[in-house]
Amino acid sequence: VDLLKAEVPARSRCLLECVSNLAANEMYRRDMEDPENGAMERILEGIRMIRKNADFLVVVTNDVSGDQGPYSEETEEYRRLLGRINCALAGEADEVYEVICGEPVMVKKKKLRNTAIDGFGQTVTFMEPLKKVTCPTLDLILVHFTEIEY
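A few points on the structure. (Residues numbered from 1 in each chain as written. Predicted model: local features only at pLDDT ≥ 70, side-chain atom pairs only at ≥ 80, totals over all residues. Heavy atoms only, no water.)

**A closer look at the overall build of the protein chain**
Inference 1: When helices and strands are tallied, the protein chain shows three helices and seven strands.
Inference 2: Counted from the first residue to the last, the protein chain has its helices and strands arranged as β-α-α-β-α-β-β-β-β-β.
Inference 3: Counting over 150 residues, the protein chain shows a buried share of 41%.
Inference 4: When the accessible surface of the protein chain is split by element, carbon and sulfur atoms take 52% of a total near 9,100 Å². (Helix = DSSP H or I, 4+ residues; strand = E, 2+ residues; numbered from the N terminus. Buried < 20%, exposed > 50% of the residue type's maximum accessible area, 1.4 Å probe, protein only. Areas by Shrake-Rupley, 256 points an atom, 1.4 Å probe, with all protein chains shown as cover.)

What follows is the structure, encoded as structure tokens:
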């Protein structure tokens with residue numbers, strides 16, 4: 001799926017499931033000569049495009065780097081790619097949760113610092129992080145993005 005071609009209606013609520021599958025699909029695209037080159041940038045650019053239109057976006061991903069073992073170089077490249085994407089998403093997200101045995105555990109949450117009314121009469125919140133996230137090792141990451149409150 002090419003996220004840049006996704007049609008996202010304005011003010012929509014979106015669920016992107018699952019970044020781990022998206023990363024694998026990007027690595028093996030047949031419409032490109034070297035699909036691994038730029039895969040992370042394409043995925044992040046697509047997610048940012050969705051964020052522009054969506055009022056609320058939840059991104060689901062997995063961490064595949066927690067276990068150790070002799071893997072092929074191809075598998076290791078996939079694990080590195082997904083880890084870099086997850087770190088970038090966690091850095092940009094308003095909220096990050098680790099789901100452990102079905103229970104969400106907050107890893108990061110931004111708090112309200114200031115509000116203002118934009119040119120369209122909507123209340124816009126300006127956020128600041130409570131806690132810096134440094135590439136956590138997670139079984140499952142739920143990343144929430146929102147910037148506008150109505």
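**A short note on empty space enclosed by the protein**
Inference 1: Counted by the stated rule, this structure contains one cavity of 30 Å³ or more.
Inference 2: Size it by volume and the largest cavity reaches roughly 40 Å³.
Inference 3: Lining the largest cavity we find Val-1, Asp-2, Leu-3, Leu-22, Glu-26, Arg-42 and Ile-43.
Inference 4: Those elements giving two or more residues to the lining of the largest cavity turn out to be helix H1 (19-27) and helix H2 (39-53). (1 Å grid on protein atoms, 1.4 Å probe; cavity = no way out; pocket = protein on both sides within 12 Å on 5 of 7 lines; lining within 4 Å. Points joined across faces, edges and corners; volume = space filled by probe spheres on them.)

**Some words on the side chain of Asn-86**
Inference 1: Note that Asn-86 resides in helix H3 (residues 73-92).
Inference 2: At 3.0 Å, the side chain of Asn-86 and the backbone oxygen of Asn-62 are in polar contact. (Polar contact = N/O pair within 3.5 Å; in protein donor to acceptor, adjacent residues only side chain to side chain.)

**Description of the packing of H2 against H3**
Inference 1: Between H2 and H3, whose axes approach to 10 Å, the crossing angle comes to 30°. In terms of axis orientation, H2 runs roughly parallel to H3. Considering only the axes of H2 and H3, their crossing is right-handed. On H3, the residues touching Ala-39, Met-40, Ile-43, Leu-44, Ile-47, Arg-48 and Arg-51 of H2 are Leu-81, Arg-84, Ile-85, Ala-88, Leu-89 and Glu-92.
Inference 2: A class-by-class count of the residues in the contact of H2 with H3 yields nine nonpolar, no polar and four charged. (Axes fitted to C-alpha atoms, helices over the stretch in contact; angles between N-to-C directions. Parallel < 35°, antiparallel > 145°, perpendicular 65-115°, else oblique. Left-handed = near helix turned anticlockwise from the far one by under 90°. Contact = heavy atoms within 4.5 Å. Nonpolar A, V, L, I, M, F, W, Y, C, P; charged D, E, K, R; others polar.)

**Here's the deal with the pairing of strand S2 (residues 54-62)**
Inference 1: The buried fraction of S2 amounts to seven of the nine residues, a majority that puts the element mostly inside the structure.
Inference 2: In terms of strand pairing, strand S1 (residues 12-17) meets S2 through six bridges, oriented parallel. Note on S2: the bridge partner recorded for Ser-12 is Ala-54. (Pairing = 2+ DSSP bridges.)

**Here's the deal with H2**
Inference 1: For H2, spanning 15 residues, the distance from its first C-alpha to its last is 22 Å, which sits close to the expected 21 Å at 1.5 Å a residue.
Inference 2: Every buried residue of H2 is accounted for by Ala-39, Met-40, Arg-42, Ile-43, Leu-44, Gly-46, Ile-47 and Ile-50.
Inference 3: If you follow the buried residues of H2, they end up packed against S1, H1, S2 and H3. (Expected span 1.5 Å × (residues − 1).)

**Overview of the packing of aromatic side chains**
Inference 1: On inspection of all chains with the given rule, the structure shows zero aromatic pairs.
Inference 2: Sitting over the face of the ring of Phe-56, Arg-13 holds its NZ or CZ atom 5.3 Å from the ring centroid. (Phe/Tyr/Trp six-rings, centres within 6.5 Å; stacked < 30°, edge-to-face > 60°. Lys NZ or Arg CZ within 6 Å of the ring centre and 35° of its normal.)

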